[in-house]
Amino acid sequence: MTLVWRHLLRPLCLVTSTPRILEMRPFLSLGASWTSVTKLSLHTRPRMPPCDFKPERYQSLGYNRVLEIHKEHLSPVVTAYFQKPLLLHQGHMEWLFDAEGNRYLDFFSGIVTVSVGHCHPKVNAVAQKQLGRLWHTSTVFFHPPMHEYAEKLAALLPEPLKVIFFVNSGSEANELAMLMARAHSNNIDIISFRGAYHGGSPYTLGLTNVGTYKMELPGGTGCQPTMCPDVFRGPWGGSHCRDSPVQTIRKCSCAPDCCQAKDQYIEQFKDTLSTSVAKSIAGFFAEPIQGVNGVVQYPKGFLKEAFELVRARGGVCIADEVQTGFGRLGSHFWGFQTHDVLPDIVTMAKGIGNGFPMAAVVTTPEIAKSLAKRLQHFNTFGGNPMACAIGSAVLEVIKEENLQENSQEVGTYMLLKFAKLRDEFEIVGDVRGKGLMIGIEMVQDKISRRPLPREEVNQIHEDCKHMGLLVGRGSIFSQTFRIAPSMCITKPEVDFATEVFRSALTQHMERRAK
């Protein structure tokens with residue numbers, strides 16, 4: 001759908017008649033100088049869709065000074081993408097602009113965070129209004145934005161998930177959920193999947209099972225990993241396993257309503273319960289679709305059986321909706337609903353505030369009371385007026401602009417487009433996902449499924465960036481491209497993205513041939 005407020009910006013539309021990138025050159029004159037620059041290439045560059053927005057002229061720190069400050073004063077842990085990290089300046093809906101004025105289609109949305117679009121006009125207006133009224137009080141006082149938002153959020157969750165604890169990040173939310181599970185069950189052991197990412201705080205690092213986030217020092221005690229039921233890379237998987245328009249290339253003899261892979265992975269889960277944890281456990285954490293591990297989907301029906309096994313051991317079931325929630329998966333508002341399960345605790349962050357620091361834990365009255373009996377839980381910034389006003393605006397935009405429906409329609413369209421690339425290129429091993437959460441796993445060949453070497457994936461990543469497309473990375477060896485644009489994305493933009501991928505893959509195969 002085309003939104004009315006987008007029409008209001010039409011006079012600022014910048015369109016080129018050839019495959020070019022619009023580029024602003026700063027510091028050359030008193031006024032912003034916009035030029036169309038065609039970068040030479042052996043391949044025709046896919047034509048970037050038009051954008052109804054003109055960014056401000058960049059007038060801040062020079063690039064080299066940014067590098068100096070970063071090296072001297074910021075974390076030495078290397079997290080920035082690309083050999084020459086991007087210096088971003090401004091964002092508008094699905095678009096980002098760097099300090100030189102180059103325009104990029106953002107297909108990673110700040111690590112699956114910008115849910116309704118960068119600087120969405122309605123969200124901006126609400127934030128500015130609240131900024132002039134009240135920033136902060138803490139929960140020792142009441143304020144309407146918190147109560148208004150709590151009522152709206154609770155209405156979107158099924159009974160008995162109606163008690164909300166506001167915090168500021170996904171790590172905080174999952175850490176609080178761990179406390180709740182242990183306080184309610186009076187047990188310590190918590191299970192999570194290999195490849196899971198549930199946060200980087202001292203407690204949640206125990207739940208996170210990705211090697212780069214592990215330390216040699218002890219931490220996160222009482223957490224036990226179990227096999228991830230990955231139907232592409234794991235020992236079992238077939239052609240009917242996933243809740244997705246696109247299945248693996250692995251074949252099986254299963255009927256569509258019966259999954260032998262699911263049964264095998266459930267046996268592994270039972271083995272963990274029998275060998276690695278106490279007879280009574282505190283709980284089980286699961287992302288409805290694994291994010292950091294490369295958009296890994298489980299066999300249909302797996303979580304439902306796993307939840308039953310956990311509850312039989314006295315544990316509670318926690319759905320980590322930090323990346324999957326708020327309509328991103330299209331068919332349902334929450335990822336757990338796609339598995340036909342009802343968790344005891346739901347954690348959420350990222351898309352909840354469209355980039356504003358905000359998170360929440362939602363649970364049952366019974367579990368909330370168990371925590372309250374044992375802990376005077378308090379969070380200074382959780383549920384602050386700014387966050388809650390923005391959260392309400394995000395929910396309104398999702399509903400008013402039919403963004404969940406857009407995620408379903410455009411996401412399915414995109415999955416099928418990318419699946420054609422998998423059939424076309426030997427190094428594209430798997431395309432998977434649901435709605436606007438998609439993974440493209442790169443392999444050396446489809447038979448061995450060995451990950452494509454990191455340096456080769458890096459080059460494809462760079463080529464996509466040079467053509468104006470920004471995507472994320474995931475999986476244990478960083479071999480999977482993660483696709484998670486804002487939910488306002490359109491089919492013409494998907495067409496551009498798939499053509500960029502095709503061009504980058506073609507260039508890579510030519511380099512390999514040489």
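Residues numbered from 1 in each chain as written. Predicted model: local features only at pLDDT ≥ 70, side-chain atom pairs only at ≥ 80, totals over all residues. Heavy atoms only, no water.

> How should I be thinking about the sheet that holds strand β13 (residues 428-434) in this particular structure?
Sheets are built from strands that pair by backbone hydrogen bonding, the pairs being arranged parallel or antiparallel. Spatial strand order, β13-β14-β17-β16: four strands in an open sheet with antiparallel pairing. In this open sheet, the two edge strands, each paired with only one partner strand, are β13 and β16 (472-474). Strand-to-strand twist in this sheet, taken as the mean axis angle between neighbours without regard to direction, amounts to 25°. For β16 and strand β17 (residues 480-483), the ladder comprises three bridges, and the chain directions are antiparallel. Residue pairing across strands places Arg473 opposite Phe481, the latter belonging to β17. Strands in contact with helix α12 (residues 454-466) are β14 (437-442), β16 and β17; relative to β16, the strand with the most contacts, it is inclined by about 160°. (Pairing = 2+ DSSP bridges. Helix = DSSP H or I, 4+ residues; strand = E, 2+ residues; numbered from the N terminus. Axes fitted to C-alpha atoms, helices over the stretch in contact; angles between N-to-C directions. Contact = heavy atoms within 4.5 Å.)

> Sorry if this is basic, but what is going on with a nonpolar patch on the surface here?
Taken together, the side chains of Val140, Phe141 and Phe378 define a hydrophobic patch exposed on the protein surface, amounting to about 330 Å² of accessible area. Positionally, Phe378 belongs in the loop between α9 (365-374) and α10 (385-400). (Patch = residues over 30% accessible without salt bridge, like charges linked within 9 Å, V, L, I, M, F, W, Y side chains within 5 Å. Areas by Shrake-Rupley, 256 points an atom, 1.4 Å probe, with all protein chains shown as cover. Salt bridge = Lys/Arg side-chain N within 4 Å of Asp/Glu carboxyl O.)

> Just to check I follow, could you spell out the packing of aromatic side chains for this structure?
The way to describe two aromatic rings as a pair is by their centre distance and the angle between their planes. What the rule picks out here adds up to 17 aromatic pairs. Note on Phe193 and Tyr298: the rings are 4.9 Å apart at their centroids and 50° apart in plane angle, and the pair reads as tilted. Placement of Phe193 in strand β7 (residues 190-193) and of Tyr298 in the loop between β9 (283-286) and α8 (302-312) is noted, with a sequence separation of 105 residues between them. Tyr298 sits in the buried class, given a relative accessible area of 3%. Between Phe193 and Phe302, the aromatic rings sit 5.8 Å apart at their centres with planes inclined by 45°, giving tilted as the arrangement. With Phe193 in strand β7 and Phe302 in helix α8, the pair connects residues that are 109 residues apart, well separated along the chain. The same class applies to Phe193 and to Phe302, which are both buried. Within the aromatic cluster, the residues linked to one another by ring pairs are Phe193, Phe269, Phe284, Tyr298, Phe302 and Phe307. (Phe/Tyr/Trp six-rings, centres within 6.5 Å; stacked < 30°, edge-to-face > 60°. Buried < 20%, exposed > 50% of the residue type's maximum accessible area, 1.4 Å probe, protein only.)

> Looking at this structure, how should I read the domain arrangement of the protein?
Interfaces are often sized by the accessible area lost when the parts come together. Domain annotation for the protein reports domain 1 (63-108 + 403-513) and domain 2 (121-401). Between the C-alpha centres of domain 1 and domain 2 the distance comes to 25 Å. The partner domain 2 presents 38 residues to the 37 residues of domain 1 that form the contact. Summing both partners gives a buried area of about 3000 Å² for domain 1 against domain 2, and 57% of it is carried by carbon and sulfur. Looking only at domain 1, the three residues that lose the most surface to domain 2 are Lys434, Met437 and Arg449, adding up to 26% of its buried area. The interface formed by domain 1 and domain 2 holds three salt bridges in total. A salt bridge links Lys434 to Asp243, with the nearest nitrogen and oxygen atoms 3.3 Å apart. Seen at the junction of domain 1 and domain 2, the total is 23 residue pairs in polar contact (both at pLDDT 80 or more). Elements represented by at least two residues in the side of domain 1 that touches domain 2 include exactly α11 (403-424), β13, β14 and β17. Take the side of domain 1 that touches domain 2: its biggest share by element is nine residues, from α11. (Domains from an automatic or database assignment. Buried area = accessible area lost by both parts, 1.4 Å probe. Polar contact = N/O pair within 3.5 Å; in protein donor to acceptor, adjacent residues only side chain to side chain.)

> Where do I start with the pattern of salt bridges in this structure?
Working definition: two side chains of opposite charge can pair if their charged atoms are close together. Counted by the stated rule, this structure contains 22 salt bridges. Between Lys304 and Asp340 there is a salt bridge whose closest N-O contact spans 2.6 Å. Of this pair, Lys304 sits in helix α8 while Asp340 sits in the loop between β10 (316-320) and β11 (345-348); the two residues are 36 residues apart in sequence, bridging distant segments of the chain. One salt bridge in this structure joins Glu441 and Arg432, with 2.8 Å as the shortest N-O distance. With relative accessibility at 1%, the residue Glu441 sits in the buried group. Counted as one network, the salt bridges with shared partners bring together Arg233, Arg242, Asp430, Arg432 and Glu441.

> Looking at this structure, I do not really get the confidence of the model for the protein. What am I missing?
Detailed conclusions should not be drawn from predicted coordinates in areas where pLDDT is low. The predicted model of the protein averages 91 in pLDDT, with 92% of residues at 70 or higher. Low pLDDT, under 50, characterises residues 1-41; the predicted model gives this stretch 95 contacts beyond four residues in sequence or across chains. (pLDDT = per-residue confidence, 0-100.)

> Please explain the state of the cysteines as it appears in this structure.
What makes a disulfide is a covalent bond joining the sulfur atoms belonging to two cysteines. Under the definition given, this model contains zero disulfides. Free cysteine Cys254: the closest other cysteine sulfur is in Cys252, separated by 4.0 Å. For Cys254, a relative accessible area of 13% translates into the label buried. (Disulfide = S-S within 2.5 Å.)

> Can you help me understand helix α7 (residues 260-275) in this one?
Since the α-helix turns once every 3.6 residues, residues separated by three or four places project in the same direction. Look at α7: 23 Å from first C-alpha to last across 16 residues, which is about the 22 Å you get at 1.5 Å a residue. All buried positions along α7 are accounted for by Ala261, Lys262, Tyr265, Ile266, Phe269, Thr272 and Leu273. Each buried residue of α7 sits inside an arc of 135° when the element is viewed along its axis, so together they form one side. Away from its buried face by more than 90 degrees, α7 exposes Ser274 and Thr275. On the buried face of α7, the contacting elements are β7, β8 (223-226), β9 and α8. (Expected span 1.5 Å × (residues − 1). Arc of directions from axis to C-beta.)

> Got a minute to help me understand the sheet that holds β10 in this structure?
Pairing is mixed across the open sheet formed by seven strands, whose spatial order is β6-β12-β11-β10-β9-β7-β8. Each edge of the open sheet carries a strand with a single partner, namely β6 (163-167) and β8. The sheet shows a mean angle of 20° between the axes of neighbouring strands, taken without regard to direction. In this sheet, β9 lies alongside β7 in parallel orientation, the contact comprising two bridges. When the bridges of β9 are listed, Ile191 appears paired with Phe284. Lying over the sheet, α8 contacts β7, β9 and β10, oriented at roughly 160° with respect to β9.

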